[in-house]
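Listed below are the residues making up each chain.
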Amino acid sequence: MDKAVIYIHGKGGDAEEALHYKSLFSDCDVIGLDYTAQFPWEAKEEFPLLFNSIYRNYKTVEIIANSIGAYFAINALSNQQIEKAYFISPIVDMERLIADMMIWANVTEDELKEKKEIQTTFGETLSWDYLCYVRENPIIWKIPTHILYGEKDNLSCFSFTQKPKGGQNTMPTKAELYAQMADKVATQLTGSWQEYST
């Protein structure tokens, strides 16, 4: 085949999740990105190597990225030859997410700077190094992207997607989310994606 779709999983996921998308992209090879990066600076080194090892065998490549996998892709692959991206509940405004988590954990920026890392009661570790990296490496993403996220998704912040191409930015209800997901994500459901431009 001339075309590949690379799936980039989120936290706790794995490359095998790519199997869910094979029937939806029957004209492409669907390949899960088997990565080990836990931090964006690790992804920035690892992802281009993995991407290029796949890309060299195809004429075109699209990506599907989920949650933190989307943030890692934006951070690491913005200069790659990607025809189109599909993001599912992506984390794209990491600084805002970290700030929100600091509020939820009742942690000030000064406390985080002093302690370097703080474990929260909701299972996440706040990191001063992570926050600094995010601030020093703003996202730049010019690749045509379709984004799917739910109405009550409190992790997906859309600073670069405020205006969908040819429409309004609307948050689907849970039922609409499942309906939209079907078009490219689940064969048992029906619907369509929103296209966003940067």
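Keep in mind the model is a prediction, meaning the values are calculated, not measured.

(A) Focus on the overall build of the chain. When its secondary structure is counted, the chain shows six helices and eight strands. Written out in order from the N terminus, the α and β elements of the chain read β-β-α-β-α-β-α-α-β-β-α-β-α-β. The proportion of buried residues among the 198 residues of the chain is 47%. Restricting to contacts in the chain with at least 6 residues of sequence separation, those with at least 24 account for 63%. Accessible area of the chain: about 10700 Å², with a carbon and sulfur share of 48%.

(B) Fine view of the packing of helix H3 (residues 94-104) against helix H5 (residues 128-136). The interhelical angle for the contact between H3 and H5, taken along N-to-C directions, is 150°, at an axis separation of 9 Å. When the axis of H3 is compared with that of H5, the two are roughly antiparallel. Crossing of H3 over H5 shows left-handed handedness. Between H3, through Met-94, Glu-95, Ile-98 and Met-102, and H5, the contact on the second element is made entirely by Tyr-130, Leu-131, Val-134 and Arg-135. Of the residues assigned to the contact of H3 with H5, the class counts are six nonpolar, no polar and two charged.

(C) Geometry of the nonpolar core. Counting residues in hydrophobic clusters, the biggest one holds 45 residues, and the most contacted among them are Ile-8, Phe-47, Ile-63, Phe-87 and Met-94. Those elements giving two or more residues to this core turn out to be strand S1 (3-8), helix H1 (40-55), strand S3 (60-66), helix H2 (68-77), strand S4 (84-88), H3 and H5. Considering each element in turn, this core owes the most residues, eight residues, to H2.

(D) Main features of the pairing of S4. Burial runs high along S4: four of the five residues are buried. Judged from the five bridges that link them, S3 and S4 form a sheet pairing that is parallel. Within S4, the residue paired with Ile-63 across the bridge is Ala-85.

(E) The arrangement of the confidence of the model for the chain in detail. Confidence along the chain averages 82 in pLDDT terms, with 75% of residues attaining 70 or more. Segment residues 159-193: pLDDT under 50, and 81 contacts once partners within four positions in sequence are set aside and those in other chains are kept.

(F) A look at the packing of aromatic side chains. For the coordinates displayed, the defined rule picks out twelve aromatic pairs. Summarising the aromatic geometry, the rings of Phe-25 and Tyr-86 are spaced 5.7 Å apart at their centres and angled 65° between planes, so their arrangement reads as edge-to-face. You can see Phe-25 sitting in the loop between S1 and strand S2 (29-32) and its partner Tyr-86 sitting in strand S4, a full 61 residues away along the chain. This pair shows no difference in class: Phe-25 is buried, exactly as Tyr-86 is. Pairing Phe-51 with Tyr-55 gives two aromatic rings, centres 5.7 Å apart and planes at 15°, and the pair type is stacked. In this pair, Phe-51 and Tyr-55 both sit in helix H1, four residues apart, roughly one turn of the helix. Members of the aromatic cluster, connected to one another through ring pairs, are Phe-39, Trp-41, Tyr-130 and Tyr-133.

(G) Spotlight on unusual backbone geometry. Residue Ser-89 is not a glycine yet carries a positive backbone phi of 45°. Within the fold, Ser-89 resides in the loop between S4 and H3. Phi is positive for Asn-106, close to 55°, though the residue is something other than glycine. Relative to the assigned elements, Asn-106 resides in the loop between H3 and helix H4 (109-115). Using a relative accessible area of 68% as the deciding quantity, one classes Asn-106 as exposed.

Rules and cut-offs
- Residues numbered from 1 in each chain as written.
- Predicted model: local features only at pLDDT ≥ 70, side-chain atom pairs only at ≥ 80, totals over all residues.
- Heavy atoms only, no water.
- Helix = DSSP H or I, 4+ residues; strand = E, 2+ residues; numbered from the N terminus.
- Buried < 20%, exposed > 50% of the residue type's maximum accessible area, 1.4 Å probe, protein only.
- Contact = heavy atoms within 4.5 Å.
- Areas by Shrake-Rupley, 256 points an atom, 1.4 Å probe, with all protein chains shown as cover.
- Axes fitted to C-alpha atoms, helices over the stretch in contact; angles between N-to-C directions.
- Parallel < 35°, antiparallel > 145°, perpendicular 65-115°, else oblique.
- Left-handed = near helix turned anticlockwise from the far one by under 90°.
- Nonpolar A, V, L, I, M, F, W, Y, C, P; charged D, E, K, R; others polar.
- Core = buried A, V, L, I, M, F, W, Y, C linked by side-chain atoms within 4.5 Å.
- Pairing = 2+ DSSP bridges.
- pLDDT = per-residue confidence, 0-100.
- Phe/Tyr/Trp six-rings, centres within 6.5 Å; stacked < 30°, edge-to-face > 60°.

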